[in-house]
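Read off the chains here:
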Amino acid sequence: MPSIAVIGAQWGDEGKGKITDYEAERADMVVRYQGGSNAGHTIKVGDEVFALHILPSGIVRKGVVNVIGNGVIVDLISLDREIAEVEARGRSVEGLRISDRANIILNWHRLLDGAEERFRGGRTVGTTGKGIGPCYSDKIARSGIRMGDLLDPALLAERLDTVMPMKLKVMEVLNVRLAQTRDELYSELLAYGKRYGRYITDTSVLVNEALDEGKNVLFEGAQGTMLDIDHGTYPYVTSSNCIAGAICTGAGVGPKRLDEIMGVLKAYTTRVGAGPFPTELRDEVGERFLNVGGEFGTTTGRPRRCGWLDLLVVEHAARLNGLTQFAVTKLDVMNDLRRIKVAVAYEIDGRTVKRFPANPKMLERAVPVYEELDGWAGWRPEETMEIVRGGYDALPREMRAYLEYIERCSKVPVRIVSIGKGREETVRR
Ligand code: IMP
């Protein structure tokens, strides 16, 4: 702090929700800057579990201002549902602020997401089906509807009448039907404007003022580096930039505003959806990560593909984000493994490759070169807090060796170690 970014270092689902919540203890403001309700951030507070998709993770903390920045695409149905859920559990959303420049996910985006997947001839991306790709495409094509438009009936009418005929034509070609007339959609959007008007504002001004005042601002990433539209495993990626650079455009702050950039790194690797994953395991270790780690999507419930830690991914993330520290999560899931493997290179067509390549076909042929490290004997769940109280030095020796190995290879220090789901099951070094 004062400003810190929390970024996924792999394919998302690294435990960013938990780490953001942990860091949010010191935050005055939590800012989402990209992605939409495709994100799934799980937070455990005591016995309560919150699965957030669109609301920033600071919403479960009292007194935090939670900002949905202009780079986020807002799913109003998700937003409605999530606000109702958190309010029903005694949390207030009064501190919520939504950028007037944020684009909105409309029904045609959801329909077109499904249609595009169907027309990909079997080579689906495996999207979350939330309309993410079509909504970002429309934003870039200047055919989006923005949160601020909901507050100006004349502007909204003009935008709908410009955009909707084009979308209807595209839907006709792709054989999908919108069960809503122009007037129904117009009234629905105006009603949302009335409901959310008090939250909609120029959030860039808000965030910059907070930074000027020396407040602690946390930028909460969604998805992960390997799902970044430019630097991820294209085309098996999400439709936004997920790396730290996206904070500037997606929250409206200058590049010098970031003090710390924390990469959240799961101790092993997972991904959901299709696409290359060189260290994927289809054996009992992979099964163990799936079942012990509870590796089922927060947003779609799909089982995640699981594998060993990949240092090419780690290097890619450290470089692209300019990481200044790591939070390593889910180390408890690896308890009692006798040996642990870490990929340090790939063999591709007889060549040794040490940087993560762009070509998905090459990646499919990549054979990981592994180094092996000793595993650690685990602890009983009731002993976890004893270890936490003992701090970093109380962690098993082999676990520390694993963490220090990651540090040596990446040149990024590990500052937070997560050894359980709960907020308190975390060691700060
Ligand atoms: P989309 O973001 O729905 O377009 O999906 C594109 C790809 O990103 C798919 O492989 C999804 O499974 C993946 N994806 C999107 N959001 C997340 C996330 O929050 N965690 C993990 N994977 C995600």
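Counting starts from 1 at the beginning of each chain's written sequence and moves along it residue by residue. Owing to the predicted nature of the model, reporting of local features is limited to residues with pLDDT of at least 70; listing and counting of side-chain atom pairs is limited to 80 or more, with chain, interface and lining totals taken over all residues. To obtain the side-chain values, all non-hydrogen atoms of the structure were used and water was disregarded.

Draft legend 1. Up close: the domain arrangement of the chain. Those domain boundaries reflect an automatic or database domain assignment. Under the domain assignment used here, the chain contains domain 1 (3–94 + 202–428) and domain 2 (103–196). Between domain 1 and domain 2, the C-alpha centre-to-centre distance is 30 Å. Counting residues at the interface gives 28 residues for domain 1, matched by 23 residues for domain 2. Note that D75 and R110 form a salt bridge whose closest N and O atoms lie 2.9 Å from each other. Polar contacts, as used here, are pairs of N or O atoms within 3.5 Å; protein pairs need one atom able to donate a hydrogen and one able to accept it. Residues neighboring in sequence count only if both atoms are side-chain atoms. Across the contact surface, domain 1 and domain 2 share nine residue pairs in polar contact (both at pLDDT 80 or more). Ranked by the residues each element gives to the side of domain 1 that touches domain 2, the list is headed by helix α2 (residues 76–88), at five residues. Partitioned by chemical class, the residues of the side of domain 1 that touches domain 2 number 11 nonpolar, 13 polar and four charged. Any two residues whose heavy atoms approach within 4.5 Å at even a single point are treated as in contact. Salt bridges are defined by distance alone: a side-chain nitrogen of Lys or Arg within 4 Å of a carboxyl oxygen of Asp or Glu. Strands are runs of DSSP state E lasting at least 2 residues, helices are runs of H or I lasting at least 4, and numbering of each runs from the N terminus. Classification used: nonpolar for Ala, Val, Leu, Ile, Met, Phe, Trp, Tyr, Cys and Pro, charged for Asp, Glu, Lys and Arg, polar for all others including Gly.

Draft legend 2. Structural view of the layout of surface pockets. For cavity detection a 1 Å grid was placed over the protein atoms alone, and a set of points counts as a cavity when a 1.4 Å probe fits there but cannot get out; an open set counts as a pocket when protein lies on both sides within 12 Å along at least five of seven lines, with lining residues being those that have an atom within 4 Å of a point. Grid points are joined across faces, edges and corners, and a volume is the space filled by probe spheres set on the points. Of the voids in this model, the second largest pocket is the one considered here, and its volume is about 190 Å³. Grouping the constituent residues of the lining of the second largest pocket by class yields five nonpolar, five polar and four charged.

Draft legend 3. Here's a closer look at unusual backbone geometry. Look at the link from Y234 to P235: it is a cis peptide, with omega at 5°. Note on placement: P235 falls in the loop between β10 (217–220) and α8 (246–251). In this structure, D13 takes a positive phi of about 60° despite not being glycine. Counting through the fold element by element, D13 comes out in the loop between β1 (3–8) and α1 (16–24).

Draft legend 4. Geometry of the environment of A343. Within the element layout of this structure, A343 appears in strand β16 (residues 339–348). The exposure class assigned to A343 is buried, which follows from its relative accessible area of 0%. Non-local contacts of A343, meaning those with residues more than four positions away in its chain, are made with T279, L309, D310, L311, L312, P368, V369 and Y370. Only protein chains enter the area calculation, which uses a 1.4 Å probe; residues under 20% of their type maximum are buried, those over 50% are exposed, and those in between are partly exposed.

Draft legend 5. Representation of the sheet that holds strand β7 (residues 96–99) within the structure. The strand order β9-β7-β5-β2-β10-β1-β11-β15-β19-β20 describes an open sheet built from 10 strands, whose pairing is mixed. Edge positions in the open sheet fall to β9 (200–201) and β20 (426–428), since each of these has one partner strand only. At least two DSSP bridges between two strands are needed for those strands to be called paired. Relative to β20, strand β19 (residues 414–418) is paired through three bridges, and the arrangement is antiparallel. Across the sheet, residue V417 finds its bridge partner in β20, namely V427.

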